[in-house]
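# Examination of the molecular architecture
Residues per chain are reported as follows:
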Amino acid sequence: RAWSVTPSGPLRGDVFIRGSKNAVTKHMVAAVLGEGASTIRQVPEVGDVAITSDILRSLGVAVDHDEDAGTIVVEPHDGVTTRVPLSFSGLNRIPILLLGPLLHRTGEAFVPLVGGDPIGRRPVDFHIDALKALGAEIEVTDDGITAKASQLRGARIELPYPSVGATETVLLTACLAEGRTVLRGAATEPEVIELALFL
């Protein structure tokens, strides 16, 4: 299929641009680490935002999504549970990013295996190695990943290549860990920088 575009004069009009779903969904996960409500603005109306909202609600996190205003308010409570349901397996790559925040809140976590695009299941070795370096005990099964930690601590971590997801896992886990974490080989895409600024 081909498109042919013929100019017919100058283009005029107003376009309202909302935020990046790659940044917004990670901010929603990061908000689980907080003790109060976090408000995220300029939220795009895309499937990943809705899926991430449903994942957080399944854990007992309050999510108020005002589509007209383009805002989401995320507020975790003391009763946040530890297991992301298997029904979210393969829908997107968000569940694995919840391991660190859930470990900080509850000391344990289970997330189903990740997915999110036609290339199939994503390897999670870098995430697992980073979480282990930060003090988590990890078990990987056919269904997903179980993690436990009584105390997360800072570590020196080197990624074999700059993985966006693994960098985000380190940021989300290290921010409340005891001590300093140094990550080498980190990804520096805009959504990673925005996550660091949010944290």
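In what follows, the accompanying structure is described. (Residues numbered from 1 in each chain as written. Predicted model: local features only at pLDDT ≥ 70, side-chain atom pairs only at ≥ 80, totals over all residues. Heavy atoms only, no water.)

All right, on to the pattern of salt bridges then. On inspection of all chains with the given rule, the structure shows 4 salt bridges. Of the charged contacts, one joins D54 and R57 as a salt bridge, the two residues approaching to 3.4 Å between their closest N and O atoms. A residue pair is termed a helical-turn pair when its members lie 3 or 4 positions apart in one helix, as D54 and R57 do in helix α2 (residues 47-58) at 3 residues. D54 gets classed as partly exposed once you look at its relative accessible area, which sits at 39%. (Salt bridge = Lys/Arg side-chain N within 4 Å of Asp/Glu carboxyl O. Helix = DSSP H or I, 4+ residues; strand = E, 2+ residues; numbered from the N terminus. Buried < 20%, exposed > 50% of the residue type's maximum accessible area, 1.4 Å probe, protein only.)

Time to look at the sheet that holds strand β4 (residues 108-112). Taken together, the 3 strands give an open sheet; going across it, the order is β4-β6-β5, and neighbouring strands pair in antiparallel fashion. Where the open sheet ends on each side, the last strands, each with one partner, are β4 and β5 (137-140). Strand-to-strand twist across the sheet, computed as the mean angle between neighbouring axes with direction ignored, equals 15°. Seen against the sheet, helix α4 (residues 99-106) touches β4 and β6 (144-148) and runs at an angle of roughly 155° to β4. (Pairing = 2+ DSSP bridges. Axes fitted to C-alpha atoms, helices over the stretch in contact; angles between N-to-C directions. Contact = heavy atoms within 4.5 Å.)

Moving on to the pairing of β6. Pairing between β4 and β6: 5 bridges, direction antiparallel. Opposite A109, over in β6, you have A147 as the bridge partner. Note that β5 and β6 share 4 bridges and pair antiparallel. Directly across from I138, in β6, lies its bridge partner A147. Count of turn residues in the β5/β6 antiparallel hairpin: 3 residues.

In the structure shown here, the tally under the stated rule is 1 aromatic pair. Here the aromatic rings of F126 and Y161 are separated by 5.1 Å at their centres, their planes lie at 70°, and the arrangement is edge-to-face. Of this pair, F126 sits in helix α5 (residues 125-133) while Y161 sits in the loop between β7 (156-158) and α6 (164-174), and the two are 35 residues apart along the sequence. (Phe/Tyr/Trp six-rings, centres within 6.5 Å; stacked < 30°, edge-to-face > 60°.)

A separate point is unusual backbone geometry. Trans peptide bonds make up the majority, and among non-glycine residues the majority have a negative phi. In this structure, Q42 takes a positive phi of about 60° despite not being glycine. Relative to the assigned elements, Q42 resides in the loop between β1 (38-40) and α2. Residue Q42 is classed as partly exposed on the basis of its relative accessible area, which comes to 45%.

As a further point, take the sheet that holds strand β2 (residues 62-66). Strand order in the open sheet made by the 3 strands is β1-β3-β2, with antiparallel pairing throughout. This sheet does not close on itself; its edge strands, each paired only once, are β1 and β2. Pairwise comparison of adjacent strand axes, ignoring direction, gives a mean angle of 15° for this sheet. Bridging between β1 and strand β3 (residues 71-75) involves 3 bridges; their strand directions are antiparallel. Within β3, the residue paired with T39 across the bridge is V73.

Turning our eyes to something else, we now look at the nonpolar core. In this structure, M28, L56, V61, L98, L99 and I145 are the most contacted members of the largest nonpolar core, which totals 49 residues. Broken down by element, the residue count for this core peaks at 4 residues, all from helix α1 (residues 21-30). Ignoring sequence-local partners within four residues, the contact set of L98 consists of V29, V32, I55, L56, L59 and V84. (Core = buried A, V, L, I, M, F, W, Y, C linked by side-chain atoms within 4.5 Å.)

Running from N to C, α5 and α6 point in directions that differ by 25°, and their axes come no closer than 8 Å. Taken together, the axis directions place α5 and α6 in an arrangement best described as roughly parallel. Where α5 crosses over α6, the two elements pack in a sense that is right-handed. Along the contact surface, α5 presents F126, H127, A130 and L131, while α6 presents G165, A166, T169, V170 and T173. Within the contact of α5 with α6, the residues separate by chemical class into 5 nonpolar, 4 polar and no charged. (Parallel < 35°, antiparallel > 145°, perpendicular 65-115°, else oblique. Left-handed = near helix turned anticlockwise from the far one by under 90°. Nonpolar A, V, L, I, M, F, W, Y, C, P; charged D, E, K, R; others polar.)

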